[in-house]
Amino acid sequence: CAHDPLYFIKKYVKIVAVDKGLVPFEMYDYQENLIQTLHDNRFVIGKLPRQTGKTTTVGAYLLHYLLFNQNVNIGILANKQSTAMEILGRIRMAYEYLPKWLQQGIIEWNKGSIHLENGSRIIAAATSSSAIRGFSFNVILLDEFAHVPTQIAEEFFTSVYPTISAGQTTKILLSSTPYGYNHFWKFWNDAERGRNGFVTLFIPYWKIPGRDEKWAAEQKATLG
């Protein structure tokens, strides 16, 4: 479990499916690829469609990182604090349904943070230049980063990115659905051109079961 996040997630992590309730997390190929990409790389930028199970997948990986590393800090940041807390809520639920022998003792357990007896901590907050000031983070998830106002995004990276990039094993995941020409668009284009050290991860809609050209045509007709 400690050495293979895919084994841990497939065997022990449970999720709530819309139609089936609480079930084992049976991942699609693109979700396994997402986990492996996160595990193998320090800086990842993901361009992902809505409703892909991305939040659940990343949450499962962060749970693995929290359990099997000592004295690490994980930051979950999103364009809205409620979104960050929802991600943390999924991690808490997955933790609760783990076998007892896989669980760590709990020091702190609330809507905004988890602190385990192995010294590791995970915190959820809205993305801002001051959201995680005073902390040293080993992993930061920036969710729906394209929807964070440009000024806030620039202030955040100016204050936080240097402390992350200085580490040897620290990680950043930038993930979002596209939203016009903004800081996320620039990060993605720079990553494609090898300018910023980020590995790109693109999951197109046709990788998701049930989403074909007919589905895409219906969505375009509705959404534009």
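Rules of the game
Residues numbered from 1 in each chain as written. Predicted model: local features only at pLDDT ≥ 70, side-chain atom pairs only at ≥ 80, totals over all residues. Heavy atoms only, no water. Helix = DSSP H or I, 4+ residues; strand = E, 2+ residues; numbered from the N terminus. Rg over C-alpha atoms; globule rule 2.2 N^0.38 Å. Buried < 20%, exposed > 50% of the residue type's maximum accessible area, 1.4 Å probe, protein only. Contact = heavy atoms within 4.5 Å. Lys, Arg positive; Asp, Glu negative; His and termini not counted. Charge placed at Lys NZ, Arg CZ, Asp CG, Glu CD. Pairing = 2+ DSSP bridges. Axes fitted to C-alpha atoms, helices over the stretch in contact; angles between N-to-C directions. 1 Å grid on protein atoms, 1.4 Å probe; cavity = no way out; pocket = protein on both sides within 12 Å on 5 of 7 lines; lining within 4 Å. Points joined across faces, edges and corners; volume = space filled by probe spheres on them. Nonpolar A, V, L, I, M, F, W, Y, C, P; charged D, E, K, R; others polar. Salt bridge = Lys/Arg side-chain N within 4 Å of Asp/Glu carboxyl O. Polar contact = N/O pair within 3.5 Å; in protein donor to acceptor, adjacent residues only side chain to side chain. Core = buried A, V, L, I, M, F, W, Y, C linked by side-chain atoms within 4.5 Å. Parallel < 35°, antiparallel > 145°, perpendicular 65-115°, else oblique. Left-handed = near helix turned anticlockwise from the far one by under 90°.

Chemist: Explain the overall build of the chain to me, please; I cannot follow it from the model alone.
Modeler: Helix and strand counts for the chain come out as seven helices and 10 strands. In terms of C-alpha radius of gyration, the chain reaches 17 Å, essentially the compact-globule figure of 17 Å for 224 residues. Projected onto the principal axes, the alpha-carbon positions of the chain cover approximately 50 × 45 × 30 Å. Looking at the chain as a whole, 48% of its 224 residues qualify as buried. Excluding contacts between residues fewer than 6 apart, the proportion of contacts in the chain whose partners are at least 24 apart in sequence is 70%. With 23 positive and 19 negative side-chain charges, the chain shows a separation of 2 Å between the mean positions of the two kinds.

Chemist: Looking at this structure, how should I read the sheet that holds strand S7 (residues 121–126)?
Modeler: Hydrogen bonds along the backbone pair up the strands of a sheet, which may run parallel or antiparallel. Taking strand neighbours across the sheet as the criterion, the eight strands line up as S5-S6-S7-S4-S8-S9-S3-S10 in an open arrangement whose pairing is mixed. Whereas interior strands pair on both sides, the edge strands pair on one side only; in this sheet they are strand S5 (106–109) and strand S10 (199–202). Neighbouring strand axes in the sheet, compared pairwise and without regard to direction, differ in orientation by 10 degrees on average. This element, helix H3 (residues 54–67), spans strand S4 (73–78), strand S6 (113–116), S7, strand S8 (139–143) and strand S9 (171–176) of the sheet and lies at about 165 degrees to S8. Those strands touched by helix H4 (residues 81–96) are S4, S5, S6, S7 and S8, and its axis lies near 155 degrees from that of S7.

Chemist: Would you mind showing me how to read the layout of surface pockets here?
Modeler: Gaps left between atoms show up when a probe the size of a water molecule is rolled over them. If you add up the space inside the largest pocket, you get close to 1,400 Å³. Considering the residues around the largest pocket, the lining is formed by 43 residues, among which Gln51, Thr52, Gly53, Thr56 and Arg90 are closest to the centre. Here the element with the most residues in the lining of the largest pocket is H4; it accounts for seven residues. Per-class residue counts for the lining of the largest pocket are 19 nonpolar, 12 polar and 12 charged.

Chemist: Help me understand the pattern of salt bridges in this model?
Modeler: Note that side chains of opposite charge can pair when their charged atoms are close. Inspection of every chain in the model, using the stated rule, returns seven salt bridges. One salt bridge in this structure joins Arg195 and Asp190, with 3.0 Å as the shortest N-O distance. Arg195 sits in the exposed class, given a relative accessible area of 59%. On the basis of relative accessible area, Asp190 is assigned to the buried category, the value being 13%. A salt bridge links Lys214 to Glu218, with the shortest nitrogen-to-oxygen separation between them at 2.8 Å. Within this pair, Lys214 and its partner Glu218 are both found in helix H7 (residues 213–223), separated by four residues, close to a single helical turn. By sharing partners, the salt bridges in this structure join Lys186, Asp190 and Arg195 into a single network.

Chemist: Even after reading the chapter, I still don't get the side chain of Asp143, so can you show me in this structure?
Modeler: One can find Asp143 in strand S8. A distance of 2.4 Å separates a polar atom in the side chain of Asp143 from a polar atom in the side chain of Lys54. Those residues in contact with Asp143 that lie beyond four places of it in its chain are Lys54, Leu77, Ala78, Asn79, Thr83, Ile87 and Ser175.

Chemist: What is the right way to look at the nonpolar core in this model?
Modeler: The nonpolar side chains of a soluble globular protein tend to be buried with one another. Judged by nonpolar contacts, the single largest core of 41 residues is most densely connected at Phe8, Leu62, Ile76 and Ile122. Every element with two or more residues in this core is listed here: helix H1 (5–12), helix H2 (29–40), H3, S4, H4, S6, S7 and S8. Residues within four places of Ile76 in sequence aside, it is in contact with Leu62, Ala84, Ile87, Leu88, Ile91, Ile122, Ile123, Ala124, Ala125 and Leu141. Of all hydrophobic cores here, the second largest spans 23 residues; its members include Ile123, Ile140, Val148 and Phe198.

Chemist: Explain the packing of H3 against H4 to me, please; I cannot follow it from the model alone.
Modeler: The axes of two packed helices give the description: the angle between them and the distance between them. In contact at an axis separation of 9 Å, H3 and H4 are set at 60 degrees when each is read in the N-to-C sense. Taken together, the axes of H3 and H4 lie oblique to each other. The two elements H3 and H4 cross, and the hand of that crossing is right-handed. Two secondary-structure elements touch here, H3 through Thr55, Thr56, Gly59, Leu62, Leu63 and Leu67 and H4 through Ile87, Arg90, Ile91, Ala94 and Tyr95. The residue makeup of the contact of H3 with H4, split by class, is seven nonpolar, three polar and one charged.

Chemist: I would appreciate a short explanation of unusual backbone geometry in the present structure.
Modeler: For residues other than glycine, phi is negative in most cases, and the peptide bonds are mostly trans. Positive phi, close to 55 degrees, is recorded for Asn71, a residue that is not glycine. By the secondary structure assignment, Asn71 is in the loop between H3 and S4. For Asn71, a relative accessible area of 57% puts it in the exposed group. Located in the positive-phi region is Glu144, a residue other than glycine, with phi close to 50 degrees. With respect to the element layout, Glu144 can be found in the loop between S8 and helix H5 (150–165). Looking at Glu144, the relative accessible area reads 12%, which means it is buried.

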